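For reference, the chains in residue letters:
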Amino acid sequence: MTIAPVQRTASNAWTDAKLILALEEVVETELNRHLKVAKEWMPHEYVPWSQGRDFDGVLGGEAWSIEQSKITPLGRISLVVNLLTEDNLPSYHREIATMFGREGAWGTWVHRWTAEEGRHGIAIRDYLLATRAVDPVELERARMVHMSEGFESDNAHSMLQSVAYVAFQELATRISHRNTGHFAGDPLCDQLLAKIANDENLHMVFYRNLLKAALELAPDQAMRAIADVVTNFRMPGHGMPGFERSAVQIAVGGVYNLRIHHDDVLQPVLRHLKVMEIDGLGPDGARAQEELGVFLDGLHAQAVRFDERQAALLARRAANAARK
Ligand SMILES: [Fe+2]
Ligand SMILES: [Fe+2]
């Protein structure tokens with residue numbers, strides 16, 4: 001769909017309210033497309049219930065201990081980060097419902113997206129508890145701390161930044177689930193996370209297509225929003241207990257790091273939208289596009305340095321393991 005850009009003058013500058021109204025039709029189209037391609041799936045079918053048994057406490061079953069967990073240490077760290085991130089859904093719902101509204105096609109999308117995201121937390125928690133993959137007490141306490149903090153979007157002041165953020169963030173979440181599945185060491189976990197990653201991909205496509213329409217409608221403002229989001233990107237789980245420590249393991253282990261962020265998250269969205277090739281921008285848009293280019297070059301250089309450090313660390317680990 002091509003939307004004719006309107007004259008960019010101070011009097012008809014795009015406000016969030018005008019943008020939301022102007023993009024309603026695109027939201028409706030994308031929502032209908034999403035509903036056609038999203039296939040129903042049942043979280044309970046992905047959980048190996050036969051591996052489950054009572055825990056200690058009220059039912060007097062067996063207490064959790066680490067040897068019961070069949071997944072890798074990296075899988076344990078990453079699954080907890082991914083689950084706690086999914087757990088904060090009430091806060092994400094509040095953020096997008098406040099920004100996009102609960103009416104019309106926007107509202108239908110907000111509620112449908114929330115329902116789909118809800119499935120992710122349910123399925124991962126059921127899997128972790130049935131297989132005794134992680135400490136259930138620690139998990140519950142971390143959930144309480146994380147949800148009690150709530151989540152406040154860095155982008156709540158701007159509708160375009162909110163759309164740009166979720167386009168990248170849904171892809172980041174997809175990649176994070178998918179790679180966690182690859183490294184967890186249990187094919188059943190991999191199967192479940194591949195299913196969830198597929199949902200996250202459809203969410204990314206929805207927001208990416210919306211961002212494309214926004215770039216056509218308000219190119220300068222959308223370019224500024226993309227530049228600001230990319231240069232300040234943080235994962236939604238950044239506030240959870242022990243996030244920094246977990247993030248280091250997740251980076252070194254190859255679930256999510258600078259290289260993956262650059263190659264598998266930022267570049268695919270930017271290339272699809274041809275963000276660096278858009279011309280005819282006004283001075284504000286052109287400046288934003290230039291800033292974005294400089295940032296991406298810098299990030300690429302950082303990713304090269306990360307690759308080198310990661311390779312050296314993994315080689316040291318392998319040498320130590322061989323000596324033991
Ligand atoms: Fe999710
Ligand atoms: Fe999602």
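The following refers to the structure shown. Remember, predicted model here, so these are calculated numbers, not experimental data.

### Focus: the pattern of salt bridges
Close approach of charged atoms allows side chains with opposite charge to pair.
Next, step 1: Counted by the stated rule, this structure contains 13 salt bridges.
Next, step 2: Between Glu140 and Arg143 there is a salt bridge, and its shortest N-O distance comes to 2.8 Å. Remark: Arg143 and Glu140 occur in helix H6 (residues 136-149); sequence separation between them is three residues, near one turn of the helix.
Next, step 3: Here Arg287 makes a salt bridge to Asp284, at a shortest N to O gap of 3.7 Å. Separated by three residues within a single helix, Arg287 and Asp284 lie in helix H12 (residues 283-323), roughly one turn from each other.
Next, step 4: Relative accessible area serves as the criterion here: at 46%, Arg287 is assigned to the partly exposed category.
Next, step 5: Bridged by salt links that share partners, the residues Arg224, Asp228 and Glu291 form one connected network.

### What about the coordination of the iron ion (ligand 2)?
Next, step 1: Only Glu117 (OE), Glu170 (OE), Glu200 (OE) and His203 (ND1) from the protein coordinate the iron ion (ligand 2), and they sit 1.8 to 2.2 Å from it.
Next, step 2: For the iron ion (ligand 2), the four donor atoms are set out with angles of 94 to 137° between them, so the coordination reads as irregular.
Next, step 3: Spacing between the donor residues of the iron ion (ligand 2) along the chain follows E-x52-E-x29-E-x2-H.
Next, step 4: Here the iron ion (ligand 1) and the iron ion (ligand 2) are spaced 4.0 Å from one another, each receiving a donor from Glu117. A residue pair is termed a helical-turn pair when its members lie 3 or 4 positions apart in one helix, as Glu200 and His203 do in helix H8 (residues 187-217) at three residues.

So, how was this worked out
- Residues numbered from 1 in each chain as written.
- Chains lettered and ligands numbered in written order.
- Predicted model: local features only at pLDDT ≥ 70, side-chain atom pairs only at ≥ 80, totals over all residues.
- Heavy atoms only, no water.
- Salt bridge = Lys/Arg side-chain N within 4 Å of Asp/Glu carboxyl O.
- Helix = DSSP H or I, 4+ residues; strand = E, 2+ residues; numbered from the N terminus.
- Buried < 20%, exposed > 50% of the residue type's maximum accessible area, 1.4 Å probe, protein only.
- Donors = N, O, S within 2.8 Å, 3.2 Å for Na, K, Ca; no water.
- Tetrahedral: all angles 85-135°; square planar, octahedral: opposite > 155°, others 65-115°.

As far as function goes, none of this settles anything; it's purely spatial.
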